[in-house]
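Structural description and commentary
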Amino acid sequence: ETLEKKKGSGVGAAFDIGTTTLVCALVDLETRAVLGAESLPNPQAQWGRDVIARMEAAVGSKEALAAMTAAIRGALSGLLASLAGDRLGKVTAATAAGNSVMEHLFLGVSPEPLSKVPYKPAFKEALTIDAGEIGLGLSCKLYLFPLIGGFVGGDAVAAALSLGMPGSAKPVLAIDIGTNSEILLSSGGSLYATSAAAGPAFEGGEVQAGMTAASGAIQGVKIDGDTIILDVIGNLTPKGICGSGLIEAATALLKAGVIDRTGRIKDSDEVANNLSSRIKTSSEGNSFTLYRGPKKEIALTQDDIRALQTAKSATRAGVAMLLMKAGIGPEDIETVYIAGAFGSHLKEEGLRAIGLLDEAWTDIRTVGDAALEGAILALDDSKKKEAQTIARQARYVSLSGSAHFEREFIKNINF
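Below is a short write-up of the structure.

Thresholds, definitions, all that
- In this convention, every chain numbers its residues from 1, walking through the sequence in written order.
- For a predicted model such as this one, the threshold for reporting local features is a pLDDT of at least 70, and the threshold for listing and counting side-chain atom pairs is 80 or more; totals across whole chains, interfaces and linings nevertheless cover every residue.
- Side-chain numbers come from the whole structure's heavy atoms, not from hydrogens or water.
- Exposed residues in this analysis have more than 50% of their type's maximum accessible area, buried residues have under 20%, and partly exposed residues fall in between, with area computed by a 1.4 Å probe over protein chains only.
- Where helices and strands are cited, they refer to DSSP runs of H or I of at least four residues and of E of at least two residues respectively, numbered from the N terminus.
- Here the rule is simple: two strands pair whenever DSSP picks up at least two bridges between them.
- Orientation is described by lines fitted to C-alpha atoms, with helices fitted over the stretch in contact, and by angles between N-to-C directions that extend from 0 to 180 degrees.

To continue, consider the pairing of strand β8 (residues 180-187). Taking burial as the measure, the eight residues of β8 include eight buried ones, the bulk of the element. Side-chain alternation along β8 places Asn 180, Glu 182, Leu 184 and Ser 186 on one buried face and Ser 181, Ile 183, Leu 185 and Ser 187 on a second face that is also buried. Note: strand β7 (residues 172-176) against β8, five bridges, orientation antiparallel. Bridge pairing in β8 places Leu 173 opposite Leu 185. Joining the antiparallel neighbours β7 and β8 is a turn of three residues. Strand direction decides the pairing type here: β8 and strand β9 (residues 190-197), joined by eight bridges, are antiparallel. Looking at β9, one finds that Glu 182 is bridged to Ser 195. Taken together, β8 and the strand that follows it, β9, pair antiparallel across an intervening segment of two residues, in which Gly 188 is found at a positive phi of about 55 degrees.

Printed below as a string of structure tokens:
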């Protein structure tokens, strides 16, 4: 076999089918160089912001399932066409990775088995499908990543592939922070995987003034004495607050003594300085005004803080369950990777302050879209085999109905 054939020639397309965002990268198959990447919001958002809402819509109606499948394929096809331009005809290989629900909806397979106990996907194996037949405008095959189990899907396998898990000698942890925090632990040559339903708080959902990380979103908050300094995307008038802003606001309010360790926003008479004037009391609990403008106020409510605590605690409890299965402690972890497009916007300091990171973890690395990196790697056939081995050998840990998970969740709820 000639070297030329082995390396492959032409162009490859790699897709990350995210719940919130779709990403496509174009790759030179000979040099492995990324020629360009583009993203757009997932059009399935009209059926719900998170996978649970979309899954319910798809299970409830065959029409909704067909419409979601058509929407995702149309969006990916448009994304690829706009990125590739006249190189579209040169695309000779394609790969795609998504979470369990996204891969079902992309294939047009009902996610019904995932919607009820024991939450098993309808398929787990990697699939090779004709990219032309599913309307991607290509005359090559598309490789769809295998799933590990439950809500740990092909995107987690792709992330593990790109991070070299489970190959490391010392224990390594990867957390893909999002609506569903996928957690991977590589220890003693084994890979343990789980997914904790964190809810959309990390992405600005479930929050009264919440929004995605778009123009006008408060993404950073500092408090200096009585002054509140806001970092707003695009330096515009604030429209709302995104996940990183929520974490930074909670961190700043903890430091300033406005929130206590249990997450309670204190009454105004408990706060000594002028920040007390920003605290409002209502039947739903206190709120804290971050921004007062002529047309609108942006406040953090007690429920917002609770949503953040729930998201953080579910993630920490999921990590604790994997450590228990592997028989190791937090102090044994050598490196922690924070993955996901959303995770890359978060600062380590904020994640530490809210208690998402254990004090014992010193080597924290942000790796961005590790799932896309894995999908790019899998344009090489030997990496496809590696992905399949990872998915087959990974040990899936289910959290539903676990008393130990409940205990860990309660233990981790405070900041």
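In this section: the sheet that holds strand β1 (residues 11-17). On the basis of which strands lie adjacent, the open sheet formed by six strands has the order β3-β2-β1-β4-β6-β5 and mixed pairing. If you trace the sheet from one side to the other, it starts and ends with β3 (34-41) and β5 (127-130), each paired once. Neighbour-to-neighbour, the strand axes of the sheet open up by a mean angle of 20 degrees, direction not taken into account. When β1 meets strand β2 (residues 21-28), the two strands line up antiparallel, connected through seven bridges. Counterpart to Phe 15 in the pairing with β2 is Cys 24.

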